[in-house]
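# Per-entry structural report
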Amino acid sequence: MSSQQQPPTAEGADANAILEPAATRVRDPRSGRSAWMARLIEGGRVEGDTLRFTLKTTRAHTAEDREKLKGGLLRQIEAVGWKGQVVIQMSVVDDAPPAAAARPLPGVAPEHRAHDHSHDHGQAHDHGHDHGHGAAPAAGAKKKDPVAGMSGPGMGPHGGPIVKQPLNGVKHIIAVASGKGGVGKSTVATNLAVALARRGLQIGLMDADIYGPSLPLMMGVSGKPFANDDKKIVPLQAHGVKCMSIGFLVDEREPVIWRGPLVMGVVRQFLQEVDWNPLDVLIIDLPPGTGDAQLTMIQAVDLAGALIVTTPQQVAVIDAMRGVEMFRKLNVPVLGVVENMSFLPRPDGSGLRPFGRGGGQQTADTLEVPLLAMMPLDEEVREGGDLGKPVALRDDVHGRPWADVGSLVAEALGL
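First, a word on what this report is: a plain description of the structure on this page. Every value quoted in this text rests on a predicted model; they were computed, and no experiment measured them. (Residues numbered from 1 in each chain as written. Predicted model: local features only at pLDDT ≥ 70, side-chain atom pairs only at ≥ 80, totals over all residues. Heavy atoms only, no water.)

This paragraph deals with the overall build of the chain. From N to C terminus, the chain includes 10 helices and 16 strands. Residue pairs at least 24 apart in sequence account for 77% of intrachain contacts in the chain once pairs closer than 6 positions are excluded. Total accessible area computed for the chain in this model is approximately 18,700 Å², and 51% of it derives from carbon and sulfur atoms. (Helix = DSSP H or I, 4+ residues; strand = E, 2+ residues; numbered from the N terminus. Contact = heavy atoms within 4.5 Å. Areas by Shrake-Rupley, 256 points an atom, 1.4 Å probe, with all protein chains shown as cover.)

The strand order β9-β10-β6-β11-β5-β12-β13-β16 describes an open sheet built from eight strands, whose pairing is mixed. Looking at the sheet topology across the chains shown, the edges are occupied by β9 (236-238) and β16 (371-374). Direction aside, the axes of adjacent strands within the sheet are offset by 25 degrees on average. With six bridges connecting them, strand β5 (residues 170-177) and strand β11 (residues 279-285) associate as parallel partners. Across the sheet, Ala 175 pairs through a bridge with Ile 284, a residue of β11. Sitting on the sheet, helix α8 (residues 359-367) is in contact with β12 (305-310), β13 (334-339) and β16, with an inclination near 165 degrees to β13. (Pairing = 2+ DSSP bridges. Axes fitted to C-alpha atoms, helices over the stretch in contact; angles between N-to-C directions.)

The phi torsion of most residues other than glycine is negative, and most of the peptide bonds are trans. Between Asn 277 and the following residue, Pro 278, the backbone shows a cis peptide bond with an omega angle of -5 degrees. The phi dihedral of Arg 39 falls on the positive side, at around 60 degrees, and the residue is not glycine.

Along α8, the residues classified as buried are Gly 359, Gly 360, Thr 363, Ala 364 and Leu 367. Down the axis, α8 shows its buried residues gathered within 130 degrees of arc, on one side only. Count one or two residues on from α8 and you reach Glu 368, which has phi positive near 60 degrees. (Buried < 20%, exposed > 50% of the residue type's maximum accessible area, 1.4 Å probe, protein only. Arc of directions from axis to C-beta.)

Here we come to the pattern of salt bridges. Under the counting rule described, the total for this entry stands at 14 salt bridges. One salt bridge connects Arg 45 with Glu 47, and the closest N-O pair in it is separated by 2.8 Å. Note on Glu 47: relative accessible area 37%, which makes it partly exposed. Residues Glu 64 and Lys 68 are paired through a salt bridge, measuring 3.4 Å at the closest nitrogen-oxygen approach. Residue Glu 64 and its partner Lys 68 are located together in helix α2 (residues 63-79), separated by four residues, close to a single helical turn. Residues joined in a network through salt bridges with shared partners are Arg 45, Glu 47 and Arg 52. (Salt bridge = Lys/Arg side-chain N within 4 Å of Asp/Glu carboxyl O.)

A few words now on the packing of helix α3 (residues 185-198) against helix α10 (residues 400-412). Describing two packed helices takes the angle between their axes plus the distance from one axis to the other. Orientation of α3 relative to α10, taken along the N-to-C sense of each, is 75 degrees, at an axis distance of 8 Å. In terms of axis orientation, α3 runs roughly perpendicular to α10. Listed contacts from α10 to Thr 187, Val 188, Asn 191, Leu 192, Ala 195 and Leu 196 of α3 are Trp 402, Ala 403, Val 405, Gly 406, Val 409 and Ala 410. (Parallel < 35°, antiparallel > 145°, perpendicular 65-115°, else oblique.)

Covered by surrounding structure in strand β10 (residues 241-244) are Val 241 and Cys 243 together with Lys 242 and Met 244, the residues of both alternating faces. Note that strand β6 (residues 203-207) and β10 share four bridges and pair parallel. Paired with Ile 203 across the two strands is Val 241, which belongs to β10. Where β9 and β10 come together, three bridges link them in antiparallel fashion. Residue Leu 236 lies in a different strand from β10, and its bridge partner there is Cys 243. Where β9 folds back onto β10 in an antiparallel hairpin, the turn is made up of two residues, including His 239, whose phi is positive at roughly 55 degrees.

It is worth spelling out the side chain of Asn 340 at this point. Residue position: Asn 340 is located in the loop between β13 and β14 (344-345). On the basis of relative accessibility, which here comes to 6%, the residue Asn 340 falls in the buried class. Once residues within four sequence positions are removed from consideration, Asn 340 is found in contact with Val 183, Gly 184, Val 309, Thr 310, Thr 311, Pro 312 and Met 375.

Extensive coverage of β11 is indicated by the burial of seven of its seven residues. Two elements, β6 and β11, share five bridges in a ladder whose sense is parallel. Across the sheet, the residue bridging to Gly 204 is Leu 282, located in β11.

We now examine α10. With 13 residues, α10 should reach 18 Å at 1.5 Å per residue; the first-to-last C-alpha distance of 19 Å fits that figure. Buried within α10 are the following residues: Trp 402, Val 405, Gly 406, Val 409 and Ala 410. Looking straight down α10, one finds its buried side chains confined to an arc of 135 degrees; they lie on one side. Turning to α10, the residues buried within the fold contact β5, α3, β16 and α9 (379-387). Looking one or two residues past α10, Gly 414 carries a phi angle of roughly 75 degrees, positive in sign. (Expected span 1.5 Å × (residues − 1).)

Below, the discussion takes up the nonpolar core. Counting 80 residues, the largest nonpolar core has Leu 282, Ile 283 and Phe 327 as its most contacted members. Counting residues per element, this core draws most heavily on α3, at eight residues. Other than its neighbours up to four places away in sequence, Ile 283 contacts Ile 174, Val 176, Ala 189, Leu 192, Ala 193, Leu 196, Ile 203, Gly 204, Leu 205 and Met 206. Ala 15, Val 26, Leu 69 and Ile 88 belong to the second largest nonpolar core, which has 24 residues in total. (Core = buried A, V, L, I, M, F, W, Y, C linked by side-chain atoms within 4.5 Å.)

What follows is the structure in structure tokens.
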């Protein structure tokens, strides 16, 4: 299997990154729920190029039901990008597991297991087309989505609604977002994280841009995370900041070519299956736009706020406002706006404005939030990002503006 198709390497976590989106799209004929939400999938693990798990059915399932479930799972596992072997252990339990119960995290045993009768069925990965179905809708009128499309087919984990889970030991979670790529959002996120860490706060930085991870380069950190005794992924550290990125798990030269459900599963894992504890602030560097990663993150955890990054030109402002509208409709407060690449300093102290002027102020005025900073187009900032030494580490004229932004964000969070 090529590296761009591999989910995280922590053993329990990467199996679930494959199984959750796949089983979400396979319907259990007995309960009407997805195979994942009906808790038919257990014991997932990856051993080399082989994915193993148990398909746990009940005596109410017929032989035909079991074959349809197995076939649907194999097709969906292929559809989410797994190219290795698949071995399914078939298990028949006396009583149906409670379909509505919360599924335990990897490595955490359920409080009660029904007596089962198991036998192994090694099954090589097959090829076919998807005929699985999502979960049956809840009875009654469907509540209108705050943002169009957020609860469409496949959007909720386990074939049901995304359930928010508090992150143990994390006081505040903020998102750094933009509607458009290329505005320096990751530069803002990394320098903000370092600036807050230099204030003596415990900071985490999560790179949610699965397709274009930049955290490893900009923070100057590399290596493979591992799982601790609690089956939590241990984040890497750089400049006093706990860091997690898909860039740690795939070769930097390989593109990440994943379907939306797999991306959503990885974002949830980075949030809920990483050992962030303890943190004062977890900063999430979002990809541009308003897609799967953004909606998954907003629906999975409670955000203390969002920081909007734009550049002065009108095209960036228009896209930034689309992103802001998503946060507002989902009741996430906007902490402020950072206008990046505002001007190019000249030796005489004046500033050249190659991208125009006023975009950040326009965005802030429209949102009725503060304009936190107007950052110059600074070669030192670019060089610091390329070298993995964010300019916020410095106490000079290049680093002080980032310290000021950190101070404003800390004040907004009451830190």
